Amino acid sequence: MFKNKLTYQYQPIVDLIDLRLVRHEALLRIDEVSDIEGFTRGLEHTGQIIELDLHTLERAVSLQEQVASFTALAVAINVSAISLVDREFQIQALTLLEKRHESLDISIEITESAPIKDMNSATQFVRNLQATGCSVGMDDYGDGYANLEVLNQLHLDYLKLSSCLTTNLLESDIARRTVAEALRMANDQGIKVVAEHIDNIRQYLVLKDMGIHYGQGWLFAKAGPLISDPEQFQNELGARIFQGIQDSF
């Protein structure tokens, strides 16, 4: 129905210490739709989000298979909590992932705009995804339905902080305490933390000093095509960040 209107752009996620490119996140774009979040929430209400999530996974696998130079980098896709516990989605997703070339690195980010209604099913599916070589993370921690109990039960590989935390980090004591608590919990469990919407040097320095592992945002790069030369990207980003730090003092 809507597949012919869909495109994807890819935003880099980098290591905050050495600025190494870690993975890309596939970001949905739809012709004539400006509110992507509202659109996907509408699909969650109708159940069509399952079709969208499967299509996104198929596109990610197909893209990496077509361009061999990209296969060393993970591509992260969003999967709704509704799709996560849908039996048909689980079967088709695992079939697709098990058949992909072993070098293709896919990460699954669970969105929490809807609650996980069957935790046992979700937990088993996460284990099955990890058994295929996928890393699995939680998107938008600190927003929606994501919480410590959910993270503990699912045994995830990473969590991504909600943009409301990172954008308010410099002005809000509550945001800083929430980030610090999430990081402490993540370190206790041996999982990584990603901060998104890092858009300026001050945010970057505070988050790096706090010990956040990975970052995403306009400070590093806007969404666009997959980066074909990660080493060049890292070198150019490092020079730009260094200059930004110099200019901020």
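Here, residues in each chain are numbered from 1, in the same order as that chain's written sequence. For this predicted model, a pLDDT threshold of at least 70 governs which residues receive local features, and a threshold of 80 or more governs which side-chain atom pairs are given and counted, while totals over whole chains, interfaces and linings are taken from all residues. Water and hydrogen atoms play no part in the side-chain values, which are based on all heavy atoms of the structure.

Some details on the confidence of the model for the chain
Here is step 1 of the chain: A residue's pLDDT is simply how confident the predictor is in it, with values from 0 to 100. Looking at the chain, the pLDDT average stands at 88 and 92% of residues meet or exceed 70.
Here is step 2 of the chain: Runs of H or I in DSSP of at least four residues are treated as helices and runs of E of at least two as strands, each being numbered from the N terminus. The element-level mean pLDDT for the chain is lowest in helix 6 (residues 148-154), coming to 78, with strand 8 (residues 214-215) highest at 98.

Examining the sheet that holds strand 1 (residues 6-15)
Here is step 1 of the chain: Strands are treated as partners if at least two bridges between them are detected by DSSP. Within the closed barrel, the 8 strands sit side by side as 1-2-3-4-5-6-7-8. Their pairing is mixed.
Here is step 2 of the chain: In terms of strand pairing, strand 1 meets strand 2 (residues 21-30) through 9 bridges, oriented antiparallel. Opposite Val14, over in strand 2, you have Leu21 as the bridge partner.

Thoughts on the nonpolar core
Here is step 1 of the chain: Here, nonpolar core means buried Ala, Val, Leu, Ile, Met, Phe, Trp, Tyr and Cys residues that are tied together by side-chain atoms lying within 4.5 Å of each other. Note on exposure labels: buried denotes an accessible area under 20% of the residue type's maximum, exposed denotes more than 50%, and partly exposed covers the range between, all computed with a 1.4 Å probe on protein chains only. Core analysis: the largest hydrophobic core is formed by 73 residues, its most contacted members being Leu154, Leu159, Leu161, Tyr204, Ile212 and Phe220.
Here is step 2 of the chain: If near-sequence neighbours (up to four positions away) are discounted, Ile212 is found in contact with Leu16, Leu161, Val179, Leu183, Val193, Ala195 and Leu207.
Here is step 3 of the chain: In terms of nonpolar packing, the next biggest core, distinct from the first, is built from 6 residues, Ile13, Val22, Tyr158 and Val194 among them. It only takes one pair of heavy atoms within 4.5 Å for two residues to be counted as in contact.

Some remarks on unusual backbone geometry
Here is step 1 of the chain: The backbone phi angle of His155 is positive, close to 55 degrees, even though this residue is not glycine.
Here is step 2 of the chain: Along the chain, the position of His155 falls in the loop between helix 6 and strand 6 (158-161).
Here is step 3 of the chain: Residue classification places His155 among the partly exposed residues on the basis of a relative accessible area of 49%.
Here is step 4 of the chain: In this model, His197 sits at a positive phi of 55 degrees, which is unusual for a non-glycine residue.
Here is step 5 of the chain: By secondary structure assignment, the location of His197 is in the loop between strand 7 (192-195) and helix 9 (201-210).
Here is step 6 of the chain: According to the relative accessible area criterion, His197 is partly exposed, its value standing at 39%.

Structural notes on the pattern of salt bridges
Here is step 1 of the chain: Just to be clear on terms, a salt bridge is a Lys or Arg side-chain nitrogen sitting within 4 Å of an Asp or Glu carboxyl oxygen. If you walk through the whole model with that rule in mind, you get 8 salt bridges.
Here is step 2 of the chain: Its salt-bridge partner being Asp18, residue Arg20 comes within 3.8 Å of it at the nearest N-O pair.
Here is step 3 of the chain: On the basis of relative accessibility, which here comes to 35%, the residue Arg20 falls in the partly exposed class.
Here is step 4 of the chain: Since its relative accessible area comes to 38%, Asp18 is described here as partly exposed.
Here is step 5 of the chain: Measuring nitrogen to oxygen at the nearest pair gives 3.1 Å for the salt bridge that ties Lys160 to Glu109. Of this pair, Lys160 sits in strand 6 while Glu109 sits in strand 4 (residues 106-111); the two residues are 51 residues apart in sequence, bridging distant segments of the chain.
Here is step 6 of the chain: Where salt bridges share partners, they join Asp15, Asp18 and Arg20 into one cluster.

What to know about the packing of aromatic side chains
Here is step 1 of the chain: The criterion for an aromatic pair is that two Phe, Tyr or Trp rings (for Trp, the six-membered ring) have centres within 6.5 Å, with stacked assigned to planes under 30 degrees apart, edge-to-face to planes over 60 apart and tilted to the rest. As enumerated under the stated definition, the model contains 2 aromatic pairs in all.
Here is step 2 of the chain: Aromatic side chains Phe89 and Phe125 sit 6.2 Å apart centroid to centroid with 80 degrees between the ring planes, which places their arrangement in the edge-to-face category. Of this pair, Phe89 sits in helix 4 (residues 87-99) while Phe125 is found in helix 5 (residues 119-131), placing the two residues 36 residues apart along the sequence.
Here is step 3 of the chain: For Phe125, a relative accessible area of 2% puts it in the buried group.
Here is step 4 of the chain: Ring centres of Tyr204 and Phe220 lie 6.1 Å apart, and the angle between their planes is 80 degrees; this geometry places the pair in the edge-to-face category. With Tyr204 in helix 9 and Phe220 in the loop between strand 8 and helix 10 (230-248), the pair connects residues that are 16 residues apart, well separated along the chain.

With respect to the packing of helix 9 against helix 10
Any two packed helices are characterised by how steeply their axes cross, that is the angle between the axes, and by the distance between the axes.
Here is step 1 of the chain: Helix axes are fitted only over the stretch in contact, all axes being lines through C-alpha atoms; the angle between N-to-C directions runs from 0 to 180 degrees. Where helix 9 meets helix 10, the closest approach of the two axes is 10 Å, and the angle between their N-to-C directions is 100 degrees. Put simply, helix 9 runs roughly perpendicular to helix 10. In this structure, helix 9 uses Ile201, Tyr204 and Leu205 to contact helix 10, whose residues at the interface are Ile241, Gly244, Ile245 and Ser248.
Here is step 2 of the chain: Considered class by class, the residues forming the contact of helix 9 with helix 10 number 5 nonpolar, 2 polar and no charged. Throughout this description, any angle smaller than 35 degrees is read as roughly parallel, any larger than 145 degrees as roughly antiparallel, any in the 65 to 115 degree range as roughly perpendicular, and the remainder as oblique. Under the convention adopted here, Pro, Cys and the residues Ala, Val, Leu, Ile, Met, Phe, Trp and Tyr are nonpolar, Asp, Glu, Lys and Arg are charged, and Gly plus all remaining residues are polar.

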